[in-house]
Each structure stands twice: as structure tokens, then as C-alpha cells.
Amino acid sequence: MTGSTIDRRHLLASVGLAGLGVAAAPLLAACGGSSSGTKGTGTGTVNLWIDITGDANQKYWDDSVVGAFEKANPKITMKTSYYKGSDLRTQVQTALQARSGPDIVRGPSATQTIAWSKANVLADLTPYSKQWNWNSKLSDWALKAFTFNGKLAALPMRVDTMMIYYNKTLFASKGWKQPTNRSELEALATEAAGMGITPFGSSNVDWAAAAEWLMTVFWNHFSGPDALYQALTGKIKFTDSVFVDAVALLKSYFDKGWFSGSVQKYFSVPSAEIGANFGKGTVAMIPQGEWYMSNVGQFFGAKAGNNNAWDWMPVPSLSSDVKYGTYALGIGGSFAINSASKNQDAAAAFLNWYYGDRTAALKRMADVPATYNIPINFKDSEIPSSADPRAARVLTELNKAVDSGNYGYVTWTWWPPKSDTFVYQGFEKVLTNAMTPAQYCQQLADLFKQESSSGNLPQMMPRKS
Amino acid sequence: MTTVPVPAPSRTSVARGRARMRLRRGLMAWAFLVPLLVLNVLVVLGPSIATVYYSFTDWSGIGPANFIGLDNYVNAVKDPAVRDALLHNAIWFVLFLSVPMALGLLGAYLLSQVKRFAMVFRVLYFIPYVTASVVNAALWKMLLSPDSGIGHYLGTHHAWLGDTATSLYSVNFVVDWHWWGFLAVIFFAAMQSVDPQLYDAAKVDGANKWQQFKSVTLPGIRPTTIFIFLMTIIWSLKAFDYIYIMTHGGPAGSSEVISTLMYSQAFNNYSAGYAAALGMSMTVIIGIVLAVYSFLRKKGWEE
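Residues numbered from 1 in each chain as written. Chains lettered and ligands numbered in written order. Predicted model: local features only at pLDDT ≥ 70, side-chain atom pairs only at ≥ 80, totals over all residues. Heavy atoms only, no water.

1. What to know about the domain arrangement of chain A
Residues and elements named next belong to chain A.
Alright, step 1. Annotation of chain A at the domain level lists domain 1 (44-160 + 333-409) and domain 2 (162-327).
Alright, step 2. Taking the mean C-alpha position of each, domain 1 and domain 2 sit 28 Å from one another.
Alright, step 3. In this assembly, 20 residues from domain 1 lie in contact with 20 residues from domain 2.
Alright, step 4. Taking both partners together, domain 1 and domain 2 bury about 1,700 Å²; carbon and sulfur atoms supply 58% of that area.
Alright, step 5. Interface area lost by domain 1 to domain 2 is led by R390, N406 and Y409, which between them contribute 38%.
Alright, step 6. Across the domain 1-domain 2 interface, the total number found is 2 salt bridges.
Alright, step 7. Counting across the domain 1 and domain 2 interface gives 11 residue pairs in polar contact (both at pLDDT 80 or more).
Alright, step 8. Of all the secondary structure elements, the ones that give two or more residues to the side of domain 1 that touches domain 2 are helix 3 (85-97), strand 7 (159-160), helix 18 (389-404) and strand 14 (407-409). (Domains from an automatic or database assignment. Contact = heavy atoms within 4.5 Å. Buried area = accessible area lost by both parts, 1.4 Å probe. Salt bridge = Lys/Arg side-chain N within 4 Å of Asp/Glu carboxyl O. Polar contact = N/O pair within 3.5 Å; in protein donor to acceptor, adjacent residues only side chain to side chain. Helix = DSSP H or I, 4+ residues; strand = E, 2+ residues; numbered from the N terminus.)

In C-alpha cells form, the structure reads like this:
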């Protein structure tokens, strides 16, 4: 037999060299971070990946957002790909790193957008902002949160706040009034628990970061926005007792079984089940963000098999230093343009239409509760009368809060990324007694110091004197 | 009649012919190899080299990376979360190796005794394995709910996934449930190849069912058992999907294993360089396992 056709050593050497060659290209590209996008012609196809779930919601986006835009801009075609919320960020980030992905980037919150902006994967929107005068159309505080080193990296997608949803029918039947302060809230919770009703429904089963919603509530309404502002601007530390006590207070509510019945149930009962119990009246209140308004209705009324109704109220003041009617403010996500996009002008045209057509934007806010609450400037009287009164009240209350300076800070907008992750991951350890509130705050303070020194903080929404 | 002598081929032309043949065969072999090699280089070797590189950097997962030497590895050794995750991996490994294997062997043996409807049982055993992990995990999340799951109707109300003492074991139970049927079918197929005369001989010698199983069946399926053993070790170290879907490694890291920790570090904490170092460490561990397996195989362990 003649000798072997490929010498083993040569084969391995060749494969190794080929591998190194092929591997080196993406590796170097990944490290480079240089922009390869172009402005394009302002026409053609614009790709967008977004985390809208549910047939009805996707249909609304297709018909009333994308459809309306395409009608007004017939030379641009929008191509939307839908993703599940928790998966989208990782998919977009991976694609951006590979200099690929959609033209319009549905990005994370402000602090995480800083990381993307620093990596030069987002196009600078400043020229578009000047061209279309976005400064006059969007709220100043929201734009500043996405402006780093003088460049506008993204546009704020949705104004976020925390509130308390309550079973209105249950409250009426028990003669309960909306609590406005800590003692009223605790009296109500004690009474409800005594009747076998879970005072607060909450779960982190479907959204691991749910604990940061609760920390946002307790830090804003117990520690107070002034203390938070000082901590976030480095004047005081998160080890201050005002923050430690807020964590301890929240933990004490869990230990009493006021949240979901027990710590274990908070970790294991799916949110849909909590919602169903809320609709039935075995859960009295749910502390949640305004976005929950688009889901909560499914647990009430004939479809859910009950005759109950829901409403929402501001978070009671948990300390005498905090005014009742304070709203933690922040931004839930962003829209940016991929710096590798070959069609940046067309993508910007969509953004300009989305944010610039105020009438259409207000109609969207009225059509779908809380989902399309973009931070544009408008008067209460401009809110369409077709809006659900509960959704309209969110808009008017937030306008009032911004005007009066009665606002706080949500963790997912104003905390740097690692600190923000620690807020909810570390709190699980507090709940399971693996960490004390003081240790938790110490670790948070250390992380915050490390991240803030790297310049990973957005421009803070200042306090009004 | 005269004959014209045919000139004998020279040594040079023979050598050239052989060289051409070798070249042709070589090219043909490369033509068959290239598609798979390219695929492997692109999806395995390339990212692997990148992972080695990033494990020595402070890469956040996006943008440029700075070389930081062995810092990630040093931090991993000191990190209590890594130690906990490794311990969970070890517990997972022991359970995943023992429970489904034992159930698989038992199931296969019982299947071999069934003369009617054997195919129906095989299909039933196989269903959990062919069902997508996302579906299985979502289903069991509901079944384990303290307020509406199986436990609720049995009166325990225990939050299996919400209790730090039971979360890891609960997810492992679900994975074992999904896995043992597959093993049973594989073992059953291996048992079919055992010579029936050996069972007859054992019966003549007075061996009972257990002795037949121990002395005939188990030695007869030894190569399959060893292979499954090795694969189970590797799969247990790669455990990710069920844990990620059912608990995200929680509560409070109680069901965290290295793979979920890596994911969390890379995508939640923006520490992709650190995650790469964890991945490299796991690769080394798996490499050691494979080396031990190869060594034992050379020693005739499989025979």
C-alpha cells in the first residue's frame, strides 16, 4: 500500500494555522471597535429588534407604529423582529460586538447604555438631535441621562416609576382606605394578614431583577430622594443608616409574611399566579412599575372569573422626611442607532417620527396603557380623552412630580450596571439571611465607588430647591 | 519475426506516477475534510482561542479589552461564589450520575422482561427526553409551585424551588426525570446484545434474577455503561438549561453552578473576561476527566 495521503503532523499543523487565521480576524475585529456604518440614502429597509410580547401588543406595534410610519414615509420599510424581554439585551449586545445586528437598537437603561456607548457600537445621535431639534421635544432630564461626553447615545424609551396597584373591590368591601404613610400601611397590612389576605404580591420567578423594584420603593420612600441623590453623587455612602434601615424594613415585611406569604413563595410562585390571586382578592396590593398597567387588567373582570376592579395609588411615605406623592423616576430602555448600520439616516427618520409627532405619541399613550410613555413634553390637557383614567392619571401625576421636584430615582436608570445587578442579587442573600442589611449596603457601597470612579454614571436628574 | 521491445518505464516516471496518485488522494481527502474543518474552526476553534485570550483581560463583553494577566484566575480562586458553584456542580454530578443511571438500569431490565407492549413503554420512557427542556422546565415550575402545584394538593405547601435547602435538588430531580428514560432505552438496546445462552447457563448454575443481572447483564453491557458514565460526567459539568430556566441559579445562589455563574458574570455583571476564565477552568476540569477516562480505557477498563 502506498503511504498515507496526509501526514498526521502536517494535517494538525495546517488545521492549527487555519484556525488561528480564521480566529484572529473576528478577534481583532472585536477588539477594534471601529465604526463601519454609513448614513445611507435615507430610504430602504430599517431593521429593529424589540421585546414586545403577545399577539395584540405586536399587532399594535405593526399596525399603529410601524404601519403608520411607513404610510408617512413610503420609501422606508421597517422590519421588526420580536424577542422575549430577558433575551433581547444579550442578543443585541452580542450582535453589536460582532459589528452586526439591527439598525435601530432597543437598548438597556441609561447606565448600561454608557458601556455600549463607550464601546463605540452606538452612533452619535447629536447631529440628528440638532437637525430635528429633539431637545425641544423630549424632556431635558431624560435626554441628559443618555448623553455621555457631550454625545447623545440613545433616546429614552419609556418613563418608569413605581406605584402600588390595589384590588379596589377588596378595599371597598373591607372599608380600607388608601394608606398615605408608614403607620397606615402597616396597620392595613396587619389587618389584611390577619384575615388570611396576603398584603403584598411580589415574585422574582419570571423576572430575576424584581427585587430592585422593591428596593427602589423602599430607598425612595423611606431613605428619600435627597439621600439617594447625595449617595449617587458621592456625597454620602450607601452604608449610611438611612439606606441600611430601608433594607432592614423591607426584610422585616418579608419576615412577617407580608410579601407573597413568605420569602420562599416570593422565590417560587410565578407572577401570573400572584396576579390571579390579586384579581381574586387573596392578595391586596402589588408594588409594581407603571408598565404592569398593560397586564394587570387580565386578572380582573368576567374574563378572569371575578367581578373585581383594580386601581393604583402612590407609594405611601415610609418616613416623615419623604413627601406623600413622591414618584421614583427613571427610564425603561432606549432606542439607539447601531454604529455599524448601513442605513443610519433612515433609522434616524423613524426615531424622529416616533418622538417628534406629538399627537401620534399621545395617542399611543392613550391606546396602550403605560407602554408608550415616552418622555416628551406635553400638558395634561393634551392627553386624549380616550385614555383609561388610571393610565392618564399616571401621566398627570408624573408631570406634576417633575414640575414640583417631587421625584426620586429608580435603580435601573441611575445605578451603574454592576451595582444595579448587585441590588437584586445581593438582596436575595439578605432575604435568606446569608447577608445582613449592613453587609449588603457595604458591598453595594464598595461596588458603587469602584464603578463611579470609572465614570459609569449618567448625568443625574438634579434636585429642585 | 522480429519483436519491438517495449521500453521499461524508468524509475523516474514510476515515482512521478506514484507522487501524482498520492497528491490526488491527498486532495480528495482534503476535499472531504475541508467542510467539517472549516465549520469546526469557525464555531469551535475560533471562539476557543478568543476565550483563552479574553480570560486574561478585563473585557466587559463589549468594546475593547485590557490585558490583566492572571487576575481573573486569581479572583476565581478567591471568589466564594465560585467555590459554592463548584460544590453545587459536585452535588449535581453525584446525583446526575447515580440516580438516572440506577433508574435507567432498572427500567431497562424491567423492559427486557416485558414481552408485550414493550414499544409503548419505550416510547413513554423517551417522551421526557425528546420534549424541549424549556417546556419541561416551565411545566415543572408550575408543578412545584407551593400554591398550586403537586405539593399543594398533597398538603405540603413546600416551596421546592424557593427554599435554598431544596432548590438545587428540585431542579436536579427534574433533570433526572427527563434523563433516566433515555438511559433506560440505551441500556435496553445494549441488553439485547447479551448472548441469551449466558442467561441459560446461569440458570442452570442456579443463579437467581439478581445474580443473573449482576453477573451476566452488567458485564455484558459494560462498554455502554462506561460510555454513558463518561458522557454523564461531561453533561453534568455542562448543566445549564434547566437551572437557568427554573431558578436562574437562585435563590441567593443556592442552585448556582459554574455555567449559570459564567452566564451571570458575562451578561449581568459585564465581566465577560472573568466568565471566560471560569469557562477555561471548567475546560481544564473536563480535560482531566477525559484524560482519566482515556487512561483507564488503555488499561482495559472497558473490557
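2. Examining empty space enclosed by the protein
All names here are of chain A.
Alright, step 1. Under the counting rule described, the total for this entry stands at 2 cavities of 30 Å³ or more.
Alright, step 2. Volume-wise, the largest cavity comes out at about 70 Å³.
Alright, step 3. Every residue lining the largest cavity is listed: I164, L185, F200, L214, V217, F218, Y253, F259, P287, V315, P316 and L318.
Alright, step 4. Grouping the amino acids of the lining of the largest cavity by side-chain chemistry returns 12 nonpolar, no polar and no charged. (1 Å grid on protein atoms, 1.4 Å probe; cavity = no way out; pocket = protein on both sides within 12 Å on 5 of 7 lines; lining within 4 Å. Points joined across faces, edges and corners; volume = space filled by probe spheres on them. Nonpolar A, V, L, I, M, F, W, Y, C, P; charged D, E, K, R; others polar.)

3. Regarding the nonpolar core
Alright, step 1. A:W61, A:W219 and A:Y440 are the most contacted members of the largest nonpolar core, which has 160 residues in total.
Alright, step 2. Excluding its chain neighbours within four sequence positions, the residues that come into contact with A:Y440 are A:M215, A:W219, A:V247, A:F422, A:V423, A:G426, A:F427, A:V430 and A:M435. (Core = buried A, V, L, I, M, F, W, Y, C linked by side-chain atoms within 4.5 Å. Buried < 20%, exposed > 50% of the residue type's maximum accessible area, 1.4 Å probe, protein only.)

4. Re the pattern of salt bridges
Alright, step 1. For the structure on display, the rule yields 15 salt bridges over all chains.
Alright, step 2. Here A:E186 makes a salt bridge to A:R182, at a shortest N to O gap of 2.9 Å. With A:E186 and A:R182 both in helix 9 (residues 182-194), this residue pair falls 4 residues apart, about one helical turn.
Alright, step 3. For B:D147, the salt bridge goes to A:K265, with nearest N and O atoms at 3.0 Å. Here B:D147, found in the loop between helix 5 (133-143) and helix 6 (150-154), pairs with A:K265, found in helix 13 (residues 263-268), and the two come from separate chains.
Alright, step 4. By sharing partners, the salt bridges in this structure join A:R158, A:D160 and A:E290 into a single network.

5. Focus on the sheet that holds strand 14 of chain A
Residue and element names in this part refer to chain A.
Alright, step 1. The 3 strands lie next to each other as 7-12-14, forming an open sheet whose pairing is mixed. Whereas interior strands pair on both sides, the edge strands pair on one side only; in this sheet they are strand 7 and strand 14.
Alright, step 2. As paired elements, strand 7 and strand 12 (residues 327-331) share 2 bridges and run antiparallel to each other. Directly across from D160, in strand 12, lies its bridge partner G330.
Alright, step 3. Contacting strand 7, strand 12 and strand 14, helix 18 runs over the sheet at an angle of about 95° to strand 12. (Pairing = 2+ DSSP bridges. Axes fitted to C-alpha atoms, helices over the stretch in contact; angles between N-to-C directions.)

6. Side note on the interface of chain A and chain B
Alright, step 1. Contacts between the two partners involve 45 residues from chain A, matched on the other side by 43 residues from chain B.
Alright, step 2. A combined buried area of about 3,700 Å² lies between chain A and chain B, and 64% of that area is made up of carbon and sulfur atoms.
Alright, step 3. At the boundary of chain A and chain B, one finds 1 salt bridge.
Alright, step 4. For the interface between chain A and chain B, the tally reads 11 residue pairs in polar contact (both at pLDDT 80 or more).
Alright, step 5. If you list the elements that add at least two residues to the side of chain A that touches chain B, you get helix 1 (8-32), helix 3, helix 4 (110-118), helix 13, helix 14 (271-280) and helix 20 (417-431) of chain A.

7. A short note on the pairing of strand 8 (residues 162-167) of chain A
All names here are of chain A.
Alright, step 1. With 6 of 6 residues buried, strand 8 is to be regarded as a mostly interior element.
Alright, step 2. Along strand 8, one buried face is formed by M162, I164 and Y166 and the opposite face, lined by M163, Y165 and N167, is buried too.
Alright, step 3. Pairing between strand 8 and strand 10 (residues 283-289): 5 bridges, direction antiparallel. Within strand 10, the position partnered with M163 by the bridge is Q288.
Alright, step 4. For strand 8 and strand 11 (residues 310-313), the ladder comprises 4 bridges, and the chain directions are antiparallel.

8. As for the sheet that holds strand 11 of chain A
Residues and elements named next belong to chain A.
Alright, step 1. The 4 strands are arranged 9-10-8-11 in an open sheet whose pairing can be described as mixed. In this open sheet, the two strands that pair with only one neighbour each are strand 9 (198-200) and strand 11. Within this sheet the neighbouring strands show an average axis-to-axis angle of 25°, counted without direction.
Alright, step 2. Running over the sheet, helix 14 touches strand 8 and strand 10 and is turned about 130° from strand 10.

9. Here's the deal with the packing of aromatic side chains
Alright, step 1. Scanning all chains against the criterion turns up 61 aromatic pairs over all chains.
Alright, step 2. Measuring from centroid to centroid gives 5.9 Å for B:F126 and B:F182, while their planes differ by 55°, and the two rings are tilted. Separated by 56 residues along the polypeptide, B:F126 in helix 4 (residues 118-130) and B:F182 in helix 7 (residues 167-192) bring together distant segments of the chain.
Alright, step 3. Between the NZ or CZ atom of A:R393 and the centre of the ring of A:W312, over which it lies, the distance is 4.6 Å. (Phe/Tyr/Trp six-rings, centres within 6.5 Å; stacked < 30°, edge-to-face > 60°. Lys NZ or Arg CZ within 6 Å of the ring centre and 35° of its normal.)

10. What to know about a nonpolar patch on the surface
Residues and elements named next belong to chain B.
Alright, step 1. A contiguous nonpolar surface patch, about 850 Å² in accessible area, is contributed by F117, M119, V120, F121, V123, L124, I127, Y129 and V130.
Alright, step 2. Structurally, the position occupied by F117 is in the loop between helix 3 (80-113) and helix 4.
Alright, step 3. Note on F117: relative accessible area 57%, which makes it exposed. (Patch = residues over 30% accessible without salt bridge, like charges linked within 9 Å, V, L, I, M, F, W, Y side chains within 5 Å. Areas by Shrake-Rupley, 256 points an atom, 1.4 Å probe, with all protein chains shown as cover.)

11. Comments concerning the confidence of the model for chain A
Alright, step 1. The share of residues in chain A with pLDDT of 70 or more is 92%, and the mean pLDDT across the chain is 90.
Alright, step 2. Counting contacts from residues 1-6 of chain A, a segment whose pLDDT is below 50, to residues more than four positions away or on other chains yields 11 contacts. (pLDDT = per-residue confidence, 0-100.)

12. Some points on helix 21 (residues 437-453) of chain A
Residue and element names in this part refer to chain A.
Alright, step 1. For helix 21, with 17 residues, the first-to-last C-alpha span of 24 Å sits near the 24 Å given by 1.5 Å per residue.
Alright, step 2. Listing the buried residues of helix 21 in full gives P437, Y440, C441, L444, A445, L447, F448 and E451.
Alright, step 3. Where helix 21 terminates, the next one or two residues include G455, which has phi positive at roughly 75°. (Expected span 1.5 Å × (residues − 1).)

13. As for the packing of helix 8 (residues 196-204) of chain B against helix 9 (residues 209-220) of chain B
Packed helices, taken two at a time, are described by the angle their axes make and the gap between the axes.
All names here are of chain B.
Alright, step 1. Packing of helix 8 against helix 9 brings their axes to within 10 Å, and their N-to-C directions diverge by 145°. The element helix 8 and its partner helix 9 pack so that their crossing is right-handed. Between helix 8 and helix 9, the residues in contact are L198, Y199, A202 and K203 and Q212, V216 and T217, respectively.
Alright, step 2. In the contact of helix 8 with helix 9, the residues fall into 4 nonpolar, 2 polar and 1 charged. (Left-handed = near helix turned anticlockwise from the far one by under 90°.)

14. Description of the packing of helix 12 (residues 241-255) of chain A against helix 21 of chain A
Residue and element names in this part refer to chain A.
Alright, step 1. The N-to-C vectors of helix 12 and helix 21 enclose an angle of 130°; their axes lie 9 Å apart at closest approach. Viewed along their axes, helix 12 and helix 21 adopt a mutual orientation that is oblique. As helix 12 runs across helix 21, the sense of the crossing is right-handed. Residue-level contacts link F243, V244, V247 and A248 of helix 12 to P437, A438, Y440 and C441 of helix 21.
Alright, step 2. For the contact of helix 12 with helix 21, the residue count by class is 8 nonpolar, no polar and no charged. (Parallel < 35°, antiparallel > 145°, perpendicular 65-115°, else oblique.)

15. Here's the deal with helix 1 (residues 11-54) of chain B
All names here are of chain B.
Alright, step 1. With 44 residues, helix 1 should reach 64 Å at 1.5 Å per residue; the first-to-last C-alpha distance of 56 Å falls well below that figure.
Alright, step 2. The largest bend along helix 1 reaches roughly 40° and is located at V41.
Alright, step 3. When we look at burial in helix 1, the residues that qualify are G26, V41, G46, A50 and Y54. (Bend = angle between axes of the 7 residues up to and from the residue.)

16. Overview of the side chain of A:N306
Residues and elements named next belong to chain A.
Alright, step 1. Position of N306 relative to the elements: it lies in the loop between helix 15 (293-296) and strand 11.
Alright, step 2. Taking the relative accessible area as the measure of exposure, N306 reaches 11% and is therefore buried.
Alright, step 3. A distance of 3.1 Å separates the side chain of N306 from the backbone nitrogen of N308, its partner in a polar contact.

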